[in-house]
Amino acid sequence: MVTLYSAWYCPFAQRAWIGLVHKKVSFNYVETDPYEKTGDWMRVSRGTGQVPVLQMQGAGLDAAVAVPDSLRVLEFIDEAFRGQGADLFPRSPAARADALYWTDFPGRKIIR
Ligand SMILES: N[C@@H](CCC(=O)N[C@@H](CS)C(=O)NCC(=O)O)C(=O)O
């Protein structure tokens, strides 16, 4: 079971959301106000208090996992659902490093 904690207006959450759709992963969408730092939310988000967070259990995983951060979510689902939907990142190490650099660029240089 896959759950995405998201906020509709958040470009980072939208990135994770688009990745799940691209990979053809079924998921529960949980609209969340990340600025309301309740105890539950801080636990779910592993202390980050930020959307997106992807929770997943079952489907061949040895343990349940909660993944905060949009880029980490994309990397995780690309690996966890390898062969399902389209690849999100290239397989070649050099092309992959380049794609990760540019995927990370907006968060580093534009939206801070
Ligand atoms: N580096 C994070 C940034 C996520 C982010 O900045 N999310 C904002 C909403 S767009 C948030 O949750 N802000 C709440 C807060 O910082 O308290 C990612 O790529 O997921």
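Before reading further, recall that the structure is shown in the block above.
A. Molecular detail of the packing of helix α1 (residues 11-22) against helix α3 (residues 70-80). Axis separation between α1 and α3 bottoms out at 8 Å; the angle between their running directions is 10 degrees. Considered as vectors, α1 and α3 are oriented roughly parallel to each other. Across the interface between the two elements, Phe12, Arg15, Ala16, Gly19 and Leu20 from α1 touch Ser70, Leu71, Val73, Leu74 and Ile77 from α3. Tallied by class, residues from the contact of α1 with α3 come to seven nonpolar, two polar and one charged.

B. The environment of Asp78, seen in detail. Counting through the fold element by element, Asp78 comes out in helix α3. Sequence separation between Asp78 and Pro68 is 10 residues, and the spatial gap between their C-alpha atoms is 15 Å. Polar side-chain contacts of Asp78 include one of 3.2 Å to the backbone nitrogen of Phe89.

C. Molecular detail of the environment of Ala59. Following the sequence through the fold, Ala59 ends up in the loop between β3 (53-56) and β4 (65-68). In this structure Ala59 comes out as exposed when scored by relative accessible area, which is 63%. The spatial distance from the C-alpha of Ala59 to the C-alpha of Cys10 is 28 Å, given a sequence separation of 49 residues.

D. Local environment of the packing of α3 against helix α4 (residues 93-110). Where α3 contacts α4, the two axes come as close as 10 Å, and the packing angle between them is 145 degrees. Residues Leu71, Leu74, Glu75 and Asp78 of α3 touch α4, and the partners they reach there are Arg96, Leu100, Thr103 and Asp104.

E. Highlighting α1. Between its first and last C-alpha, α1 extends 16 Å over 12 residues, near the 16 Å set by a 1.5 Å rise per residue. Inspection of α1 places Ala13, Arg15, Ala16, Gly19 and Leu20 among the buried residues, and these make up the whole buried set. An end-on view of α1 places all buried positions within 155 degrees of arc, on one side of the element. Opposite the buried face of α1, at more than 90 degrees from it, the exposed residues are Ile18 and Val21. Check the buried side of α1 and you find it contacts β1 (2-6), β3, α3 and α4.

F. Geometry of a nonpolar patch on the surface. A cluster of nonpolar side chains, Trp8, Tyr9 and Tyr35, forms an exposed patch at the surface whose accessible area comes to about 440 Å². Its location among the elements puts Tyr35 in the loop between β2 (28-31) and α2 (39-44). Tyr35 gets classed as exposed once you look at its relative accessible area, which sits at 66%.

G. Spotlight on the layout of surface pockets. Estimated volume of the largest pocket: approximately 420 Å³. Together, 20 residues line the largest pocket, and Cys10, Phe12, Gln50, Val51 and Pro52 are the ones closest to its centre. For the lining of the largest pocket, the secondary structure elements donating two or more residues are α1, α3 and α4. Of the residues that constitute the lining of the largest pocket, the class distribution is 11 nonpolar, five polar and four charged.

Analysis parameters
- Residues numbered from 1 in each chain as written.
- Predicted model: local features only at pLDDT ≥ 70, side-chain atom pairs only at ≥ 80, totals over all residues.
- Heavy atoms only, no water.
- Axes fitted to C-alpha atoms, helices over the stretch in contact; angles between N-to-C directions.
- Helix = DSSP H or I, 4+ residues; strand = E, 2+ residues; numbered from the N terminus.
- Parallel < 35°, antiparallel > 145°, perpendicular 65-115°, else oblique.
- Contact = heavy atoms within 4.5 Å.
- Nonpolar A, V, L, I, M, F, W, Y, C, P; charged D, E, K, R; others polar.
- Polar contact = N/O pair within 3.5 Å; in protein donor to acceptor, adjacent residues only side chain to side chain.
- Buried < 20%, exposed > 50% of the residue type's maximum accessible area, 1.4 Å probe, protein only.
- Expected span 1.5 Å × (residues − 1).
- Arc of directions from axis to C-beta.
- Patch = residues over 30% accessible without salt bridge, like charges linked within 9 Å, V, L, I, M, F, W, Y side chains within 5 Å.
- Areas by Shrake-Rupley, 256 points an atom, 1.4 Å probe, with all protein chains shown as cover.
- Salt bridge = Lys/Arg side-chain N within 4 Å of Asp/Glu carboxyl O.
- 1 Å grid on protein atoms, 1.4 Å probe; cavity = no way out; pocket = protein on both sides within 12 Å on 5 of 7 lines; lining within 4 Å.
- Points joined across faces, edges and corners; volume = space filled by probe spheres on them.

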